[in-house]
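Architecture at a glance
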Amino acid sequence: SDEIAKQAPESVSKYTESVGNTGLVDPSDALSFPEGGLTAWGTVLGALLIQFCGFGYVSAYGVFQDFYTQTYLTNSTPSAIAWIGSINAFLILSVGIVSGRMVDRGAFYPVMKIGCLLQCFFLFILSLAKPEQYYQIFLSQGIGLGFAMGLTNVPSIAVISHHFQRRRAFAMGIVAAGGSLGAILHPVMLNNLINGRLGFANGVRASAALNGGLLFIANLLMRTRLPPQPKIVSYTRVLQNSSRDGAYICACVGMAAFEFGFFFESFYLQLDSTLHGLSQGFSFYSLTILSSGSFIGRLAAGVVAAYVGIPNTIIVSSLISSAVIFAMVGLHSATSVAVIAVSYGVFSGGVVAMMGPLISHLTPEFSHTGLDTYSQAWEHSWARAPLTFPRQSLTFGLGAPICGAVLTSHYIWWKAAILAGSVATGGCILFVSMQIILKMRQKISSVYSKEASV
């Protein structure tokens, strides 16, 4: 956030020694952020490409879920197959704790190079996996690829704070758009490659070659500017503060519940469309329609939140998104798929876009934690409450597999849809509880202010 960004210049003057090929400037010059220029915008473009190949690729896992279930891993249950994508997505965020710390200590370039190389390596390893060999795909795509993407995810966002302060939100918004663009384009590419003439092995290799080229360009473009930051987040203090914050706890559990349902749609929409007899051509584009709606929703949420507030935006968006999950029960035609995909994409995208700002909104002491960089802020967000880590593990490690277990190999869609929708609705109720707590705090604060003025 901008509050965190204001802390960075104060620490620049303390450290003047450059580490590796960081291209650091003099401390006096570092006090003034470029806010643009060839190097800064090149870094933004490089970070966008990292997100395109990272979260954008993971968001296309519904393509693999459909292909594995019907063709490549027919002896495995939908739940077991969903574990591959869930572990992959979970590791992208959890490994960020380690990679963020390394970046703060000046290891940006080694971390990015290793992460990008491993990402290409494990994609090529995935292409060697044989049919019905579940463990081969789980190890290469679930664990290996997830770990590699986790090494690059946080650093690619953190480096933006080296070049922007006043325009940081705008720059990070562009970077985040890379993941959305990847979620739109990767499903189209993967469906046509894997289900086309190339087949699974050559199709995955082709996608690996494309991602490898983009990651190479990204490494050439991204440049650091500020010295290493040795400060470490005080986890004890963070945990103590969070355990007494009812609004934050409601928000964490609410996000966990909502994301549980979110990945049900993302993982199973294409499979649901295919099994309901829709044309293969249309089913292949169902995820692209959803991701396009999500892209619009993420952009619109920021504008709406400026007028009605972040909590109200996330409450309304989560409520409508939960209702659309229930609508999966009635999916039976191309029109219903398009309506569900667009509406769910728009409103769920609004919830996802507001999660980060909501955490900042609920953390008034954020500017006093001594966090100098985005990656330290990332560590803080993971350490802030015991509920934060379970939120992510529930989202990326349990949601889709549990829905898959309820779905069963007989594909009882109404059971899975009701489960996902009910849990997501519970998340919306917790968001409402959070807002009630915030309003009560505001009312009590105004009373104390009036008494003090008297």
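In what follows, the structure referred to is the one given above.
Here's a quick rundown of the structure.

What counts and what doesn't
Residues numbered from 1 in each chain as written. Predicted model: local features only at pLDDT ≥ 70, side-chain atom pairs only at ≥ 80, totals over all residues. Heavy atoms only, no water. Helix = DSSP H or I, 4+ residues; strand = E, 2+ residues; numbered from the N terminus. Buried < 20%, exposed > 50% of the residue type's maximum accessible area, 1.4 Å probe, protein only. Contact = heavy atoms within 4.5 Å. Areas by Shrake-Rupley, 256 points an atom, 1.4 Å probe, with all protein chains shown as cover. Core = buried A, V, L, I, M, F, W, Y, C linked by side-chain atoms within 4.5 Å. Axes fitted to C-alpha atoms, helices over the stretch in contact; angles between N-to-C directions. Parallel < 35°, antiparallel > 145°, perpendicular 65-115°, else oblique. Left-handed = near helix turned anticlockwise from the far one by under 90°. Nonpolar A, V, L, I, M, F, W, Y, C, P; charged D, E, K, R; others polar. Polar contact = N/O pair within 3.5 Å; in protein donor to acceptor, adjacent residues only side chain to side chain. Phe/Tyr/Trp six-rings, centres within 6.5 Å; stacked < 30°, edge-to-face > 60°. Expected span 1.5 Å × (residues − 1). Bend = angle between axes of the 7 residues up to and from the residue.

Our focus in this paragraph is the overall build of the protein. When its secondary structure is counted, the protein shows 21 helices and zero strands. The burial tally for the protein puts 55% of its 454 residues in the buried class. When contacts within the protein are restricted to residue pairs at least 6 apart in sequence, long-range pairs at least 24 apart make up 85% of them. Within the structure as shown, the protein displays about 18,100 Å² of accessible surface, and the carbon and sulfur contribution to it stands at 68%.

Attention now goes to the nonpolar core. In this structure, Phe64, Tyr68, Phe200, Phe264 and Tyr268 are the most contacted members of the largest nonpolar core, which totals 77 residues. Of all the elements, helix α14 (residues 246-275) adds the most residues to this core, at 15 residues. Those residues in contact with phenylalanine 264, other than ones at most four positions away along the chain, are Leu269, Ile325, Met328, Cys403, Trp413, Ala416, Ala417 and Ala420.

Once that is clear, we can look at unusual backbone geometry. A positive phi angle is found at glutamate 132, which is not glycine, with a value near 70°. Take glutamate 132: it is sitting in the loop between α9 (108-127) and α10 (134-158). Relative accessible area serves as the criterion here: at 30%, glutamate 132 is assigned to the partly exposed category. Even without being a glycine, tyrosine 411 presents a positive backbone phi close to 55°. Mapping tyrosine 411 onto the fold places it in the loop between α20 (388-407) and α21 (413-453).

This brings us to the packing of α14 against helix α17 (residues 310-326). Packing of α14 against α17 leaves a shortest axis separation of 10 Å and a crossing angle of 45°. If you check the angle between α14 and α17, you find them oblique. Handedness of the α14/α17 crossing: left-handed. Between α14 and α17, the contacting residues are Phe258, Gly261, Phe264 and Glu265 on the first element and Ser318, Ser321, Val324 and Ile325 on the second. Residues that form the contact of α14 with α17 fall into these classes: four nonpolar, three polar and one charged.

Here glutamine 141 is to be found in helix α10. On the accessibility criterion, glutamine 141 (3% relative accessible area) is buried. Separated by 2.7 Å, the side chains of glutamine 141 and tyrosine 68 make a polar contact. With sequence-adjacent residues up to four places away left out, glutamine 141 is seen in contact with Tyr61, Phe64, Tyr68, Ile84, Asn88, Leu126 and Gly146.

For the coordinates displayed, the defined rule picks out 15 aromatic pairs. Three or more aromatic residues link up through ring pairs in this structure, and these residues are Tyr57, Tyr61, Phe64, Phe67, Tyr68, Tyr72 and Phe200.

Structurally, serine 321 is set in helix α17. Filtering out sequence-adjacent residues up to four positions away, serine 321 remains in contact with Phe258, Tyr344, Phe347, Ser348 and Val351.

With that settled, consider α10. The end-to-end C-alpha distance of α10, which contains 25 residues, comes to 35 Å, matching closely the 36 Å that a straight helix rising 1.5 Å per residue would cover. Within α10, the axis deviates most sharply at leucine 145, by approximately 30°. Across the 25 residues of α10, 18 count as buried, placing the element largely inside the fold.

Next up on the list: the environment of threonine 71. Mapped onto the elements, threonine 71 comes out in helix α6 (residues 61-72). Each C-alpha atom, one on threonine 71 and one on glutamate 132, is 9.2 Å from the other, the two residues being 61 residues apart in sequence.

The next point concerns α9. Here α9 is 20 residues long and its end C-alpha atoms lie 29 Å apart, about the 28 Å a rise of 1.5 Å per residue gives. Turning to α9, its buried residues are Phe108, Tyr109, Val111, Met112, Gly115, Cys116, Gln119, Cys120, Phe122, Leu123, Leu126 and Ser127. Where α9 is buried, its residues contact α4 (38-53), α5 (55-58), α6, α8 (96-104), α10 and α12 (199-221).

This brings us to the environment of threonine 274. For threonine 274, the position within the fold is in helix α14. Sequence separation between threonine 274 and glutamine 70 is 204 residues, and the spatial gap between their C-alpha atoms is 9.8 Å. Once you skip the residues sitting within four places of it in the chain, threonine 274 turns out to touch Asp66, Gln70 and Ser283.

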